[in-house]
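# Per-entry structural report
Residue strings, one per chain:
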Amino acid sequence: MFVSEKELNADLCLESGQVFRFQRTRDGWIGVDGSDVIRCKRVRGGWEVSSSPNASAAREFFQLERSAQEICKQIVSLAGELKPFVAKHRGLRVLRQSRADETLLSFVCSVNNNIERITRLVNWLGGLGREIERGLREFPSLKRIEALTEFELRSNGFGYRGRTIPAAAREAAARGADWLDSLRQLPYADAHEQLMQVPGVGPKVADCVCLIGLGHEQAVPVDTHLWNAATEMYFPEWKGKSVTASRYKAVGDMFRDKFGELAGWAHQYLFYDRVLARRRRVTPVFFSQ
DNA sequence: CCCACACCGATT
DNA sequence: ATCGGTGTGG
């Protein structure tokens, strides 16, 4: 299906640290969600998006039944100060991964880590899954990841996450095959609280899983980028201070009060703007001499 | 409730 | 040397 660039920018969606296993192709992107292969091809004025074998998979993954333009309009009407951020990143959307276990393990990999290395680690885990077609695999089961040894993971560059990854998979699996999926039916706060009981999962990782894996769009993952942005804009008295549990909650609650169900979307534009600003700073080719 | 520190590898 | 979430201990 064709999607206008006003509604979708696949580059932003797939490079913004929401999912880690999509690869660039000559004319776009290819990757897996659940058991479906998703393709995005850049065309005049937008993107040609498709998925197989399930043709509706791409629509669900990118949440294409929702209008990003409408969502942005609502965000700006609730907080005019965000207008420059949504304008700058048109087509950035909150994704919805169908496998919450992939989201969980991906964000356990993300702890104390940068997008490049997270990508490498998550793709290493992905290499253990069933191959759908050449080079494209389902994410492995919790049981498969539970069986990995800390030594094996450490030897493959996971560092101390080599301990938390199998531990998190074991705990999630022990809670029952449909435990993670059942969190979709709970209120956001209850799902968040249960996720926090998994080893290696703190408030930030729990919010990433809520937002991208479970569809709880009140979730606001507060990482250092969002913390810096939010303290500058809304909590100047906390600027330069560290994130404590109560400050973490206060930032999220402020977004939820202001934006309700769109808190997670609002956070995404502010978050990605800081990620970009940082990437630019790290590539000074032009400016050095 | 807040702070300080360890954890590991990437980057400077 | 600094940076980054979680877990632990003061």
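Look above for the structure.
What chain A contains, in helices and strands, is 15 helices and 7 strands. The C-alpha atoms of chain A give 19 Å as radius of gyration, which agrees with the globular expectation for 289 residues (19 Å, within 12%). On the principal axes, the C-alpha backbone points of chain A span a range of 50 × 50 × 45 Å. Within chain A, the fraction of its 289 residues that count as buried is 51%. Long-range contacts, defined as pairs at least 24 residues apart, comprise 64% of the intrachain contacts of chain A with a sequence gap of at least 6. For chain A, the exposed surface amounts to about 13700 Å²; the carbon and sulfur share of it is 51%. The positive charge centre, built from 42 side chains, and the negative charge centre, built from 35, are 6 Å apart in chain A.

What follows covers the protein's contact with DNA strand C. In the region of DNA strand C, 13 residues are neighbours, and Asn-112, Gly-200, Gly-202, Val-205 and Thr-224 sit closest. Note that a phosphate oxygen of DNA strand C is positioned 2.9 Å from one of the backbone N or O atoms of Gly-202. Here a phosphate oxygen of DNA strand C and a side-chain polar atom of Thr-224 are 2.9 Å apart. Looking at the surface near DNA strand C, the element that brings in the most residues is helix α12 (residues 203-213), giving 3 residues. Here the residues of the surface near DNA strand C sort into 7 nonpolar, 4 polar and 2 charged.

So, about the sheet that holds strand β5 (residues 46-52). If you walk across this open sheet you meet the 5 strands as β1-β5-β4-β3-β2, and the pairing is antiparallel. Pairing within the sheet leaves two strands with one partner each, and these edge strands are β1 (2-4) and β2 (23-25). The mean inter-strand angle of the sheet, taken between neighbouring strand axes irrespective of direction, is 30°. Two elements, β2 and strand β3 (residues 28-33), share 3 bridges in a ladder whose sense is antiparallel.

Once that is clear, we can look at the pairing of β3. Here β3 lies mainly inside the structure; 6 of its 6 residues are buried. What sits between β2 and β3 in their antiparallel hairpin is a turn of 2 residues. Both β3 and strand β4 (residues 36-43) contribute to a ladder of 6 bridges, which runs antiparallel. Within the sheet, the bridge partner assigned to Gly-28 lies in β4 and is Lys-41. Adjacent in sequence and paired antiparallel, β3 and β4 are bridged by 2 residues, among which Gly-34 carries a positive phi angle near 65°.

What counts, and where the lines are drawn
Residues numbered from 1 in each chain as written. Chains lettered and ligands numbered in written order. Predicted model: local features only at pLDDT ≥ 70, side-chain atom pairs only at ≥ 80, totals over all residues. Heavy atoms only, no water. Helix = DSSP H or I, 4+ residues; strand = E, 2+ residues; numbered from the N terminus. Rg over C-alpha atoms; globule rule 2.2 N^0.38 Å. Buried < 20%, exposed > 50% of the residue type's maximum accessible area, 1.4 Å probe, protein only. Contact = heavy atoms within 4.5 Å. Areas by Shrake-Rupley, 256 points an atom, 1.4 Å probe, with all protein chains shown as cover. Lys, Arg positive; Asp, Glu negative; His and termini not counted. Charge placed at Lys NZ, Arg CZ, Asp CG, Glu CD. Near = heavy atom within 4 Å. Polar contact = N/O pair within 3.5 Å; in protein donor to acceptor, adjacent residues only side chain to side chain. Nonpolar A, V, L, I, M, F, W, Y, C, P; charged D, E, K, R; others polar. Pairing = 2+ DSSP bridges. Axes fitted to C-alpha atoms, helices over the stretch in contact; angles between N-to-C directions.

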